[in-house]
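Tertiary structure, described
For reference, the chains in residue letters:
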Amino acid sequence: MGVLWKLEPATAAKHRLYQRYLDAWWPILLQTSQSKGYSRPRVTLLDAFAGPGRYENGEPGSPVFILDRLLHHDAADRMHLSPRRVHLIFIEKDRARHEHLMTELVSYFGPLRDLPVRVEVRRGDAGLDSLALLDELGAWGHPILGIFDSWGSVNVPLHVMSRIARNRSSEVITTFGPNWFSRREDLNAGILDAVFGGRGFWSPAAEELRPDEKWRVWLRTYRDALRRAGFGYQLQFELVPRTGQPLYLVFGTGSTAGLRAMKDAMWKVDELDGESFRDPRTRGAKADGQLDLFQAAGVIDDELAELVAQRLSSGATTVEAIGEWLLAETARWMPKHALQAARQMRQDGVVAVQSPGKLTTKSRISLQAQVRA
Ligand SMILES: C[S@@+](CC[C@H](N)C(=O)[O-])C[C@H]1O[C@@H](n2cnc3c(N)ncnc32)[C@H](O)[C@@H]1O
């Protein structure tokens, strides 16, 4: 592969997701008033596999659109941008791509030292150099967003993720390409030990031979790794573009606000651009014929119905608890979808309401099949 390469549909879709997410993320962190117990925080975005800044047919790469959207954000005037407060770190390992990125940024934005934010473009290795750069820029103790967007050879040690997870208001996004899951023979055990935090954590995934299960197992294994690293919440999803190969993402955050912001971004991208975000927990399977009912009704999404049925298969619970589970455990569903699903599933005779009165978030519901059993 040369210095530049062609922008794939899944990468373009991922860029739209990042753009929507960052459009929300910057003002959430930068408009924070001083009354929240600390003076205005420093905020650091680390794009650790930055790329050359441009694609073969001229589309901007992540460093360019990230900086451009920040500087031209609708709320830029209220975000108190300053080189002391806002740091963007771009790491690229390849010499020619690093040079290209530097040239690209300067030709687009002018001299970087004149910008209202600090931009550091370093040639280095995401796994080896991220922590030292975060030290050098005084990022710790303030929010950090780490984007680890390799070509699938995810090789960032878990201790890096763990350090970010333990830092205040910090998050990471890690991308996997489809070939990551199929190249079992190429797996470098030493690297995987570092990425997953020990052999015992990843070797069961390497045993998975069913082609359509590999991505689910590896994604779940990585999600579990981010949980061990210290992220309170982790989202895993398959990004399915309208054409071409999918991509896989795992997002780690410490807050439900982070989860909501990422899901909001997914819904916006989904509605406007036609991408979809698939939950690895679902297989479109109709376990016992129940899901046919939802499909016949065609009102709520099949994936939502399948997930709610999965949650209820472990026993009756409240609509509210299902909403919390949807938020924390599923790729794109929000608490509000629990009540919509419960209404539809009751109407379709799939769900029984155990509490008297109107169906609300406080109602306890179960699968009809469990009531009959
Ligand atoms: C998927 S591309 C990044 C694309 C870019 N983030 C974007 O969205 O426009 C991965 C980039 O990471 C670089 N790379 C590969 N291994 C690396 C490493 N260990 N550390 C930093 N960069 C690396 C590659 O040279 C390549 O430019």
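Residues numbered from 1 in each chain as written. Predicted model: local features only at pLDDT ≥ 70, side-chain atom pairs only at ≥ 80, totals over all residues. Heavy atoms only, no water.

In the annotation of an unreviewed UniProt entry, the entry for the protein chain reads Three-Cys-motif partner protein TcmP, and the organism field reads Streptomyces collinus.

Here we come to the overall build of the protein chain. Assigned secondary structure in the protein chain consists of 15 helices and 11 strands. Computed over C-alpha atoms, the radius of gyration of the protein chain comes to 22 Å, within 12% of the 21 Å expected from 2.2 N^0.38 for 373 residues, which places it in the range of a compact globule. Seen through its principal axes, the protein chain has C-alpha atoms that stretch 70 × 55 × 40 Å. Residue burial in the protein chain is summarised as follows: out of 373 residues, 54% are buried. Long-range contacts, defined here as pairs at least 24 residues apart, represent 70% of the contacts in the protein chain between residues at least 6 apart. Accessible surface, the protein chain as shown: approximately 16,200 Å² in total, 49% of it carbon and sulfur. (Helix = DSSP H or I, 4+ residues; strand = E, 2+ residues; numbered from the N terminus. Rg over C-alpha atoms; globule rule 2.2 N^0.38 Å. Buried < 20%, exposed > 50% of the residue type's maximum accessible area, 1.4 Å probe, protein only. Contact = heavy atoms within 4.5 Å. Areas by Shrake-Rupley, 256 points an atom, 1.4 Å probe, with all protein chains shown as cover.)

Our focus in this paragraph is the site of the ligand. Near the ligand there are 20 residues, and of these His15, Tyr55, Glu92, Arg97 and Ala126 occur at the shortest range. Tyr55 places a side-chain nitrogen or oxygen 2.7 Å from an oxygen atom of the ligand. Between the ligand and Arg97, the relevant distance is 2.6 Å, taken from an oxygen atom to a side-chain nitrogen or oxygen of the residue. Of the residues belonging to the shell around the ligand, the class tally is seven nonpolar, seven polar and six charged. (Near = heavy atom within 4 Å. Polar contact = N/O pair within 3.5 Å; in protein donor to acceptor, adjacent residues only side chain to side chain. Nonpolar A, V, L, I, M, F, W, Y, C, P; charged D, E, K, R; others polar.)

Time to look at the packing of helix H4 (residues 126-136) against helix H5 (residues 158-165). As a packed pair, H4 and H5 sit with axes 9 Å apart at the nearest point and diverge in direction by 25 degrees. Here H4 lies roughly parallel to H5, going by the angle between them. The hand of the H4/H5 crossing is left-handed. Across from Gly127, Ser130, Leu131, Leu134 and Asp135 in H4, the residues of H5 making contact are His159, Val160, Arg163 and Ile164. Broken down by class, the residue content of the contact of H4 with H5 amounts to four nonpolar, three polar and two charged. (Axes fitted to C-alpha atoms, helices over the stretch in contact; angles between N-to-C directions. Parallel < 35°, antiparallel > 145°, perpendicular 65-115°, else oblique. Left-handed = near helix turned anticlockwise from the far one by under 90°.)

Moving on, we get to the environment of Ala321. Inspection of the secondary structure puts Ala321 in helix H13 (residues 319-329). Considering only alpha carbons, one finds Ala321 and Arg364, 43 residues apart in sequence, at a separation of 9.2 Å.

As a further point, take unusual backbone geometry. Excluding glycine, residues mostly have negative phi values, and the peptide bonds linking residues are mostly trans. A positive phi angle is found at His80, which is not glycine, with a value near 50 degrees. Tracing the sequence through the fold places His80 in the loop between helix H2 (62-71) and strand E2 (86-92).

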